[in-house]
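# An overview of the molecular structure
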Amino acid sequence: ATWCVLPFRVKWGPFHPGIDRDAGGHARDRATRARARVCYRMRSDDFGAGSQKHVFQMSAAAVDATPAVLEWSNAPDNTWTWKGLTVNYISAGPEDATPFLLVHGFGASSFHWRRNINELAAEGYRVYAIDLIGFGLSSKPILDYDASLWREQCAAFLREVAGCGDSSRRRAIVAGNSIGGYTALNVGACHPELTLGVVSLNGAGRFSPSAEEEAAAQAREVVRAGRSALRVAIDDAVEAAVLSVQRAAAYVGLFVTKQPARIKQVLRQVYPISPEMADDELVASIQYPADDPVGLAPPGGIPEVFFRIISRNGRGGSVPVDALISQLQVPLLLLWGEYDPWIVREKGDAMQRFAEAAGKDVRRVSVNAGHCPQDEAPLEVNEGLIAFARSLL
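Quick caveat: nothing in here was measured; it's all calculated off a predicted structure.

### Notes on the pairing of strand β8 (residues 99-103)
Where burial is concerned, most of β8 is hidden: 5 out of the 5 residues are buried. By the alternation rule, side chains of β8 split into P99, L101 and V103 and F100 and L102, which are all buried. Here β8 pairs with strand β9 (residues 126-130) via 5 bridges, running parallel. Residue pairing in the sheet places F100 in a bridge with V127 of β9. Read as a crossover between parallel neighbours, the route from β8 over helix α1 (residues 117-122) to β9 is right-handed.

### A word on the nonpolar core
In this structure, L101, I130, I133, W150, L158 and L185 are the most contacted members of the largest nonpolar core, which totals 48 residues. For this core, the element with the most residues is helix α2 (residues 147-160), which contributes 8 residues. Sequence-distant contacts of I133, that is, excluding residues within four places in its chain, are made with W82, L85, T86, V87, S138, S139, P141, Y145, L149, W150 and Q153.

### A closer look at the confidence of the model for the protein
Mean pLDDT over the protein stands at 84; residues scoring 70 or higher make up 83%. Low pLDDT, under 50, characterises residues 1-64; the stretch is placed with 152 contacts to residues that sit more than four places away or in other chains.

### Quick look at helix α12 (residues 378-392)
Over its 15 residues, α12 runs 21 Å from end to end, which matches the ideal 21 Å to within 8%, given 1.5 Å per residue. The element α12 is extensively covered by neighbouring structure, given that 12 of its 15 residues are classed as buried. Residues of α12 that are buried include every one of P378, E380, V381, N382, E383, G384, L385, I386, A387, F388, A389 and L392, and no others.

### Focus: the packing of aromatic side chains
Scanning the entire structure with this criterion turns up 12 aromatic pairs. Here Y89 and F157 contribute two aromatic rings whose centre-to-centre distance is 5.0 Å and whose plane-to-plane angle is 75°, an arrangement assigned as edge-to-face. One end of the pair, Y89, is in strand β7 (residues 85-92); the other, F157, is in helix α2, with 68 residues separating them in the sequence. Of the two residues, Y89 and F157, neither departs from the other in class, the shared state being buried. Positioned over the ring face of Y339 is R345, at 5.0 Å from the centre of the ring.

Scoring rules and cut-offs
Residues numbered from 1 in each chain as written. Predicted model: local features only at pLDDT ≥ 70, side-chain atom pairs only at ≥ 80, totals over all residues. Heavy atoms only, no water. Buried < 20%, exposed > 50% of the residue type's maximum accessible area, 1.4 Å probe, protein only. Helix = DSSP H or I, 4+ residues; strand = E, 2+ residues; numbered from the N terminus. Pairing = 2+ DSSP bridges. Right-handed = clockwise from strand over helix to strand, strands pointing away. Core = buried A, V, L, I, M, F, W, Y, C linked by side-chain atoms within 4.5 Å. Contact = heavy atoms within 4.5 Å. pLDDT = per-residue confidence, 0-100. Expected span 1.5 Å × (residues − 1). Phe/Tyr/Trp six-rings, centres within 6.5 Å; stacked < 30°, edge-to-face > 60°. Lys NZ or Arg CZ within 6 Å of the ring centre and 35° of its normal.

The structure is reproduced here in structure tokens:
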């Protein structure tokens with residue numbers, strides 16, 4: 001099937017249904033224009049409980065005005081205080097509707113959902129996109145950035161801001177990209193009382209070691225336990241030296257990687273199908289928090305924050321993804337950019353196979369995109385998210 005797009009610009013009136021227009025930094029302040037498209041719209045197959053893979057088909061539709069894409073601003077949208085830390089988030093849509101919580105990936109922010117927030121809101125969902133601690137316009141303290149920090153941040157947000165939990169019987173669809181995908185899975189596995197479904201868009205994370213790898217690790221621990229006092233002292237000194245080198249490398253690496261030209265170069269590598277979608281606004285949304293002109297980190301602390309995040313989460317979180325899938329009690333959608341050079345399609349295949357073997361309700365939608373499908377191919381991703389949400393309600 002084929003489809004075409006003939007874009008022209010339109011301007012929304014002051015009260016577009018489903019998008020916040022009240023005070024408090026909602027999507028209104030950043031989104032005042034929309035792109036209208038004449039196109040064939042995508043319709044997903046029914047997301048039935050027994051379905052494992054879904055192929056999108058095309059159907060003709062009339063002229064459709066697509067809700068506005070958000071525009072980058074360095075001003076906070078909404079703020080929420082959690083454990084004395086400031087958390088920035090974007091919200092849109094009817095306040096009493098089913099919540100969507102969107103969680104960004106490494107180095108990004110809530111702005112990375114700029115092409116999805118108002119589309120979901122226009123479909124009648126209450127949409128929240130959150131800046132994780134250490135990223136975006138949220139606080140950046142010097143602490144150990146274990147993945148459980150972000151899991152509990154999102155869980156508290158769902159309770160305190162979105163109003164989810166046992167007492168309200170309100171639950172959210174939690175979707176995340178990259179390390180945000182791991183966070184979404186972590187929230188769904190550990191907090192079923194808060195979640196209606198989980199969406200992983202090229203989610204990070206590692207699988208449990210094989211039996212051979214586990215045996216080798218145990219053998220190393222036996223050797224380590226039998227060391228002499230002198231050997232322990234030498235090994236500790238070597239480990240400290242290695243850590244110092246890694247910290248220095250991270251500091252230098254941050255200086256290089258936060259340069260606009262380098263940010264755009266990396267983004268275009270991971271937007272292999274439509275690299276033009278990685279535009280200057282996205283670059284600015286990544287560079288600004290890395291420069292931290294407003295002091296969300298302690299003075300001079302951004303390099304240390306960067307080092308602590310990558311050193312603890314370079315492969316995802318501490319809990320293997322197969323262990324989290326085993327705990328999962330809600331449906332899982334793998335919304336996968338099949339041309340991701342970092343978290344490759346085989347990773348999605350492995351997650352799908354494990355979930356199916358464990359008897360979980362898992363669905364797979366393949367997207368013609370790379371590592372960040374929500375921004376590179378928003379039409380397909382929005383259709384997938386909406387179809388999944390409708391299947392849960």
